[in-house]
Amino acid sequence: MKKIRLGDIIIFLLSLVLIGASFGSYGKLSGKPEVRVQAEGREWVYDLSVNTTASFSGPVGTTSIEIHDGKVHVLASDCRNKVCIAAGWISSAGEWIICLPNNVFIRIEGSIEPQAGGVDDISF
Amino acid sequence: MTYPSSSPKVRIEFVALLAACALFLSTVEYLIPKPVPFMRIGLANLPLIIGLGLLTKREYILLALLKVLGQGLITGTIFSYIILFSIAGTFASTLLMYIVYRFFKQWVSLIGVSIAGAMASNVAQLTLSQYLLFGAAAKLIAPPFLVVGLISSIILGVFAQQFEQNSAWYRSLRKGSL
Amino acid sequence: MKTANIRLAMGLLTLPAILLQKSFIGIILQALYVIVLAVSHGRRFRILPNLILLFSVSSAHLLQPHGLQLFSIGNFAITAGALVLGARKAFTLIALLYLSHYMVTARPNFPGKLGKLISLQFYYFERITTIWRTITPKRPFIKAIDNMLLQLSVGGKEPFSTQVKEKASVTSSARNIGKNTLHLIILWTLFVLGNLAIFPVI
């Protein structure tokens, strides 16, 4: 009668390794950077890694944003001074753009990934 | 060593018979109550495991193809996205089981073959579900699916082993008396 | 033309109308229409698997926030856009599934060698289920299956024919084409209405 063999044990152990590795995914999903927009007294949320455009209305008209390749900027706005458009692209957590006349506030939230040299930049 | 009849017509009919068994076993599986939704024993894979010792490479691939198409026709899913999952799972497990059996036969029993097949099938289907259904969330459902796959494939492997050892039908096939 | 082929053709011609549907309401209507079509041709509809699909695909999309935040659980935003995106995908899949159900209601035959082999497979399948009913006891399972396979192999083959004879009169064929063309037109109309943004946007 055939019994369990060495190869069976090896395949079983490899499967356990695979399963163990798959559990690792639970830690990684939180803390992805998000674009949060406050306008009209409500809040909108977008994934910074997904290209899209969106429009928000405010007291003076419409403000449109564009998310592209992990960065976000104000594409167009009905405000007079266009400071928000001039602010250009932002891409890291903690950065923000505000359009005061139209009452639209755009910020990036999420865990700040430690980068090489990043600590030094802050400390010194 | 494969099923010894030399007539190609008889051999191809035998493949159709095994494929029919897969259909039958999937209806049996459908009737078994399950503790967890989505949990499957994968009874329909039994002919693919048993067929390893009986078929040539070409016949084995044909068996996998017939299993996928037959199930698709019976369940009506043949023209829908579900057939893609069926293709991905069946062919991934077929390929890996064939490789394991063909090259590591001396060191592996049908239990090991079954586990390898289930893991390949699950990984292929989870990868597909990432593109088709769940996006990044597919990674979240991976652990429970793999755990269930491991357990059910061990049960199936023991089952296949038992069948191979106790079946008078299998024995007479190998002896060439059927 | 055989009924099976007409239904296959109708299904294939409908695929783009479902796949390219942009409107959420549009895809729901298309899904409902196709479900009614499949059910009225003898296919079963079970609500639970569809609800599970709808729920799981929608919640999976929440990981990628998109649009208005309805509420949040801790730091996790439940966004309307993500929910609609997921639900639209789920309804597309449901519509495709029941379209497929409808397409096989007339038991289509595959052409060529593979088609013959599939017919043979189904012939054996019928015989297995017939023999299985006569086998007692059914426990232990392995012994029962073994008995069945021995009976199948020893009992030899009965003649079987792959030809399913269909008496297709010209009038019934024409009526069939007419009916399926109507389905086709309705589903494409829903596509056009959806993509012209005539349905309210959610």
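These lines cover the structure that appears in this document, whether it is placed above or below.

Thresholds, definitions, all that
- Residues numbered from 1 in each chain as written.
- Chains lettered and ligands numbered in written order.
- Predicted model: local features only at pLDDT ≥ 70, side-chain atom pairs only at ≥ 80, totals over all residues.
- Heavy atoms only, no water.
- Helix = DSSP H or I, 4+ residues; strand = E, 2+ residues; numbered from the N terminus.
- Buried < 20%, exposed > 50% of the residue type's maximum accessible area, 1.4 Å probe, protein only.
- Contact = heavy atoms within 4.5 Å.
- Pairing = 2+ DSSP bridges.
- Axes fitted to C-alpha atoms, helices over the stretch in contact; angles between N-to-C directions.
- Patch = residues over 30% accessible without salt bridge, like charges linked within 9 Å, V, L, I, M, F, W, Y side chains within 5 Å.
- Areas by Shrake-Rupley, 256 points an atom, 1.4 Å probe, with all protein chains shown as cover.
- Salt bridge = Lys/Arg side-chain N within 4 Å of Asp/Glu carboxyl O.
- 1 Å grid on protein atoms, 1.4 Å probe; cavity = no way out; pocket = protein on both sides within 12 Å on 5 of 7 lines; lining within 4 Å.
- Points joined across faces, edges and corners; volume = space filled by probe spheres on them.
- Nonpolar A, V, L, I, M, F, W, Y, C, P; charged D, E, K, R; others polar.
- Parallel < 35°, antiparallel > 145°, perpendicular 65-115°, else oblique.
- Left-handed = near helix turned anticlockwise from the far one by under 90°.
- Buried area = accessible area lost by both parts, 1.4 Å probe.

With respect to the overall build of chain C
- Across its full length, chain C carries 7 helices and 2 strands.
- For chain C, the succession of helices and strands along the chain, N to C, is α-α-α-β-β-α-α-α-α.
- Out of the 202 residues belonging to chain C, those deemed buried represent 44%.
- Sequence-distant contacts in chain C: of pairs separated by 6 or more residues, those separated by 24 or more amount to 71%.

Focus on unusual backbone geometry
Residue and element names in this part refer to chain A.
- One non-glycine residue with positive phi stands out, namely glutamate 40, at about 55°.
- Within the secondary structure, glutamate 40 sits in the loop between β1 (34-39) and β2 (42-47).
- The backbone of asparagine 103 sits at a positive phi, close to 60°, despite the residue not being glycine.
- Here asparagine 103 lies in the loop between β6 (96-99) and β7 (104-109).

Thoughts on the sheet that holds strand β1 (residues 66-73) of chain C
- Taken in spatial order, the 6 strands line up as β6(A)-β7(A)-β1(A)-β2(A)-β1(C)-β2(C) in an open sheet, and their pairing is antiparallel. Edge positions in the open sheet fall to β6 of chain A together with β2 (76-79) of chain C, since each of these has one partner strand only. Looking at each pair of strands side by side, their axes are set apart by 35° on average, direction ignored.
- With 5 bridges connecting them, β1(A) and β7(A) associate as antiparallel partners. Directly across from Arg36(A), in β7(A), lies its bridge partner Arg107(A).
- Across the sheet, helix α4 (residues 80-103) of chain C lies against β1 and β2 of chain C, angled at about 105° from β1(C), the strand it touches most.

Thoughts on a nonpolar patch on the surface
All names here are of chain B.
- On the surface, Leu95, Leu96, Ile99, Phe103, Phe104 and Trp107 cluster together into a nonpolar patch covering about 600 Å² of accessible area.
- Note on placement: leucine 95 falls in helix α4 (residues 81-104).
- On the accessibility criterion, leucine 95 (56% relative accessible area) is exposed.

Focus: the pairing of β2(A)
- For β2(A), a buried count of 5 out of 6 residues is recorded, marking the element as mostly surrounded by other parts of the structure.
- Here β1(A) pairs with β2(A) via 6 bridges, running antiparallel. Among the inter-strand pairings, Gln38(A) is bridged to a residue of β2(A), identified as Glu43(A).
- What sits between the antiparallel neighbours β1(A) and β2(A) is a turn of 2 residues, in which Glu40(A) has the positive phi angle 55°.
- Here 3 bridges tie β2(A) to β1(C), and the two strands are oriented antiparallel to one another. Within β1(C), the position partnered with Val45(A) by the bridge is Gly67(C).

Some details on the pattern of salt bridges
All names here are of chain A.
- Considering all chains together, one arrives at 7 salt bridges over all chains under this definition.
- Taking the shortest distance from any N to any O, the salt bridge between glutamate 34 and arginine 36 comes out at 3.3 Å.
- When the shortest N-O distance is used, the salt bridge between arginine 107 and glutamate 109 registers 3.0 Å.
- What emerges from the salt-bridge pattern is a single network uniting Glu34, Arg36, Glu43, Arg107 and Glu109.

With respect to empty space enclosed by the protein
- For the structure shown, the criterion picks out 1 cavity of 30 Å³ or more.
- Put simply, the largest cavity is a space of about 130 Å³.
- Considering the residues around the largest cavity, the lining is formed by Leu18(B), Cys21(B), Phe24(B), Leu25(B), Leu46(B), Pro47(B), Ile50(B), Phe163(B), Trp169(B), Ile145(C), Met148(C) and Leu149(C).
- Looking at the lining of the largest cavity, the elements with two or more residues in it are α1 (8-31) and α2 (46-51) of chain B together with α6 (141-154) of chain C.
- Looking at the lining of the largest cavity element by element, the count peaks at 4 residues for α1(B).
- For the lining of the largest cavity, a count of residues per class yields 12 nonpolar, no polar and no charged.

A closer look at the packing of helix α3 (residues 57-75) of chain B against α4(B)
Residues and elements named next belong to chain B.
- With their axes 10 Å apart at the nearest point, α3 and α4 run at an angle of 155° to one another. On the basis of their axis angle, the class for α3 and α4 is roughly antiparallel. Seen along the crossing, α3 lies across α4 with a hand that is right-handed. Here Lys57, Tyr60, Ile61, Ala64, Leu65, Lys67, Val68, Gln71 and Gly72 of α3 lie close against α4, whose contacting residues are Ile83, Ser86, Ile87, Thr90, Phe91, Thr94, Met97 and Tyr98.
- Looking at side-chain class alone, the contact of α3 with α4 contains 10 nonpolar, 5 polar and 2 charged residues.

Some details on the interface of chain C and chain B
- Across the contact, 43 residues belong to chain C and 47 residues belong to chain B.
- Viewed at the interface, chain B and chain C are joined by 0 salt bridges.
- Contributing elements (two or more residues each) for the side of chain C that touches chain B: α3 (47-61), α4, α5 (112-134) and α6 of chain C.
- Here the side of chain C that touches chain B gets 11 residues from one element, more than from any other, and that element is α5(C).
- Taken together, the residues of the side of chain C that touches chain B sort by class into 30 nonpolar, 7 polar and 6 charged.

Description of the interface of chain A and chain B
- On the chain B side, the residues contacting the 19 residues of chain A number 25 residues.
- Both sides together, the interface formed by chain A and chain B hides about 1700 Å², and carbon and sulfur atoms give 70% of it.
- Of all elements in the fold, only α1 (6-23) and α2 (25-28) of chain A reach the threshold of two or more residues within the side of chain A that touches chain B.
- Classifying every residue of the side of chain A that touches chain B gives 11 nonpolar, 4 polar and 4 charged.

Things to note about the layout of surface pockets
- One number sums up the size of the second largest pocket: a volume of about 550 Å³.
- Taken together, 15 residues line the second largest pocket, and the ones lying closest to its centre are Pro8(B), Ile12(B), Leu62(B), Lys113(C) and Leu117(C).
- Breaking the lining of the second largest pocket down by element, the ones donating at least two residues are α1 and α3 of chain B together with α5 of chain C.
- In the lining of the second largest pocket, the residues fall into 7 nonpolar, 1 polar and 7 charged.

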